[in-house]
Amino acid sequence: MKATQKDFRSAAPRAAAAAKVFFFCGPDEAGAQDAARAIVELLPEPGERVELSGAELRKDPVRLGDEARSSSLFGDARHIWVSASGDEVHDAVETLLSGQMTGTAQPCPVLIVASGATDKARTAKLLAGRPDALVAMFYPPDLRAFSTDVRMMGDAAGVRLSSDLADRIARAAALDSRLARSEVEKLALYLDAAPTSPRSADAEALDAIGAKTEDDGFMPLVNAVLGGDAGKLSGELHRLRELNMNPVGVLLTFERRAALLAGLAGKLGPRGDIGKLLEAERVFWKERADVGKQLRKWRGPRLARLVSKLAEMHRALLGDSRNAELLLAQGLTEITRVAASAR
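Here the structure is a predicted model, which is why all the values come from computation and not from measurement.

As a further point, take the overall build of the protein. Along the protein, the regular secondary structure elements total 17 helices and eight strands. The C-alpha radius of gyration of the protein comes to 21 Å, within 12% of the 20 Å expected for a compact globule of 343 residues. Seen along its three principal axes, the alpha-carbon backbone of the protein occupies a region of about 60 × 50 × 40 Å. Per-residue burial over the protein gives 49% buried out of 343 residues.

Here six strands make up an open sheet; going across it, the order is S1-S6-S2-S5-S4-S3 and the pairing parallel. Here the strands that pair on one side only, and so sit at the sheet edges, are strand S1 (2-4) and strand S3 (48-53). Here the strands of the sheet are splayed against their neighbours by 20 degrees on average, with no regard to which way each runs. One ladder, built from four bridges, connects strand S2 (residues 21-25) with strand S5 (residues 110-115); its direction is parallel. Across the sheet, Phe-24 pairs through a bridge with Val-113, a residue of S5.

Let us now look at the nonpolar core. Counting residues in each nonpolar core, the largest one holds 36 residues, and the members touching the most others are Leu-221, Leu-226, Phe-254, Leu-332 and Ile-335. Elements with a contribution of two residues or more to this core: helix H11 (219-226), helix H12 (230-242), helix H13 (247-268), helix H14 (274-280), helix H15 (288-297), helix H16 (300-319) and helix H17 (324-341). Element by element, the count of residues in this core is highest for H13, at nine residues. Among residues more than four places away in sequence, those in contact with Leu-226 are Phe-254, Arg-257, Leu-261, Gln-294, Lys-297, Trp-298, Leu-306, Ile-335 and Ala-339. In this structure, Ala-84, Val-89, Val-93 and Ala-124 belong to the second largest nonpolar core, which totals 27 residues.

It is worth spelling out the packing of H13 against H15 at this point. Their axes nearest at 10 Å, the elements H13 and H15 cross at an angle of 70 degrees. Taken together, the axis directions place H13 and H15 in an arrangement best described as roughly perpendicular. Across from Arg-257, Leu-261, Leu-264, Ala-265 and Leu-268 in H13, the residues of H15 making contact are Val-291, Gln-294 and Leu-295. For the contact of H13 with H15, the residue count by class is six nonpolar, one polar and one charged.

For the rest of this paragraph, the subject is the pairing of S2. For S2, a buried count of five out of five residues is recorded, marking the element as mostly surrounded by other parts of the structure. Neither face of S2 is exposed, since Val-21, Phe-23 and Cys-25 on one face and Phe-22 and Phe-24 on the opposite face are all buried. Sheet topology note: the S2/strand S6 (residues 133-137) ladder contains five bridges and is parallel. Bridged to Phe-23 within S6 is Val-135.

Moving on: the side chain of Thr-123. Mapped onto the elements of the fold, Thr-123 is located in helix H6 (residues 122-128). For Thr-123, the side chain forms a polar contact with the side chain of Asp-87, separated by 2.5 Å. Setting aside residues up to four positions removed in sequence, Thr-123 forms contacts with Phe-23, Asp-87, Val-89, His-90 and Val-93.

With that out of the way, let us pick up the packing of aromatic side chains. In this structure the tally under the stated criterion is three aromatic pairs. Centroid distance Phe-8 to Phe-138: 5.7 Å. Interplanar angle 70 degrees. Geometry classified as edge-to-face. On the criterion of sequence distance, the pair formed by Phe-8 in helix H1 (residues 8-18) and Phe-138 in the loop between S6 and helix H7 (143-157) is long-range, its members being 130 residues apart. Owing to a relative accessible area of 7%, Phe-8 belongs among the buried residues under this scheme. What links up through ring pairs into an aromatic cluster is the set Phe-8, Phe-22, Phe-24 and Phe-138.

A rise of 1.5 Å per residue sets the reference length of helix H9 (residues 177-191), with its 15 residues, at 21 Å; its end C-alpha atoms lie 21 Å apart and thus fit the reference within 8%. Every buried residue of H9 is accounted for by Ser-177, Ala-180, Glu-183, Val-184, Leu-187, Ala-188 and Leu-191. Taken around the axis of H9, the buried residues stretch over an arc of 140 degrees, which confines them to a single face. Exposed and oriented more than 90 degrees from the buried face of H9 are Leu-189 and Tyr-190. Where H9 ends, the next residue or the one after it, Asp-192, has phi of about 55 degrees, a positive value.

This part covers unusual backbone geometry. For Asp-192, which is not glycine, the phi dihedral falls at a positive 55 degrees. By the secondary structure assignment, Asp-192 is in the loop between H9 and strand S8 (199-200).

Attention now goes to the environment of Thr-118. Note on placement: Thr-118 falls in the loop between S5 and H6. With relative accessibility at 31%, the residue Thr-118 sits in the partly exposed group. It is 10.0 Å that separates the C-alpha atoms of Thr-118 and Tyr-139, two residues lying 21 residues apart in sequence. Setting aside its immediate chain neighbours within four residues, Thr-118 contacts Phe-23, Cys-25, Ala-124 and Met-137. A polar contact is formed between the side chain of Thr-118 and the backbone nitrogen of Lys-120, at a distance of 3.0 Å.

Cut-offs and rules
- Residues numbered from 1 in each chain as written.
- Predicted model: local features only at pLDDT ≥ 70, side-chain atom pairs only at ≥ 80, totals over all residues.
- Heavy atoms only, no water.
- Helix = DSSP H or I, 4+ residues; strand = E, 2+ residues; numbered from the N terminus.
- Rg over C-alpha atoms; globule rule 2.2 N^0.38 Å.
- Buried < 20%, exposed > 50% of the residue type's maximum accessible area, 1.4 Å probe, protein only.
- Pairing = 2+ DSSP bridges.
- Axes fitted to C-alpha atoms, helices over the stretch in contact; angles between N-to-C directions.
- Core = buried A, V, L, I, M, F, W, Y, C linked by side-chain atoms within 4.5 Å.
- Contact = heavy atoms within 4.5 Å.
- Parallel < 35°, antiparallel > 145°, perpendicular 65-115°, else oblique.
- Nonpolar A, V, L, I, M, F, W, Y, C, P; charged D, E, K, R; others polar.
- Polar contact = N/O pair within 3.5 Å; in protein donor to acceptor, adjacent residues only side chain to side chain.
- Phe/Tyr/Trp six-rings, centres within 6.5 Å; stacked < 30°, edge-to-face > 60°.
- Expected span 1.5 Å × (residues − 1).
- Arc of directions from axis to C-beta.

Dropping the structure here:
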């Protein structure tokens, strides 16, 4: 079975009932993770969660089948959650499926979130034609669709959000559902809201919950790097180390901003008016100067190279977690130099 973000919601119940292996991929990692969590919630008995990494399974392909066919300590249900990059779990999935075909015990559900992979990956092709598997690919949503999702998050938490406020949360979260959900949850707590006692949120409430974390956010670093502001880079990298920010999490913010720039560049065309476009796309007014500056620097082939560079860095960080902070700093320094030279 195959699905995209357009038809995933309608396909999910049937997939959760019929499939045993789920492969979530595409450039929107947050969307892929949300989809995996949705499947877990739909499983008749999700039970214990066993987490494995793609790197572990690349070194030991047999382990996935062993874990999937093992019972928990108390004989309860379980499911396997695999965080992978690209095609590194292909051999493990192939081994799992071959074991299933030989008539051994049926495996528990296996959910694979593969960053950097697409539905053209070898693992995806291995699974797409099977009735007992699901391949789902997710692209970054556009602002309007994501803002609607944010309002739905608010409704579920008992927080009423206006369109403008939902847009602001969407922009601040760089279209990342995990970050947006965190903001909505903080709003619900601040307003003492619940589904049974909903409250209306306003800009003042959003400012209040954001005040503590504003200086701890990723955006100052993103803007310094993509804006080519070499003078600020050293200080932002120092803050990165002091706050012990997760290197992969930081890089995901850059990837989402690059996806935003790519979407805007496609709508802008060669002679478009950047200011009018940012206003039409409802970019939050405090961010328009930075996004506009970056859009002028990152277009066409240069933007394509940026996306490729970020994907390369992502693979490097996942492959060498011990040196991830150093690798991130080196990569961001290179990107800053390119941005500084762009006119």
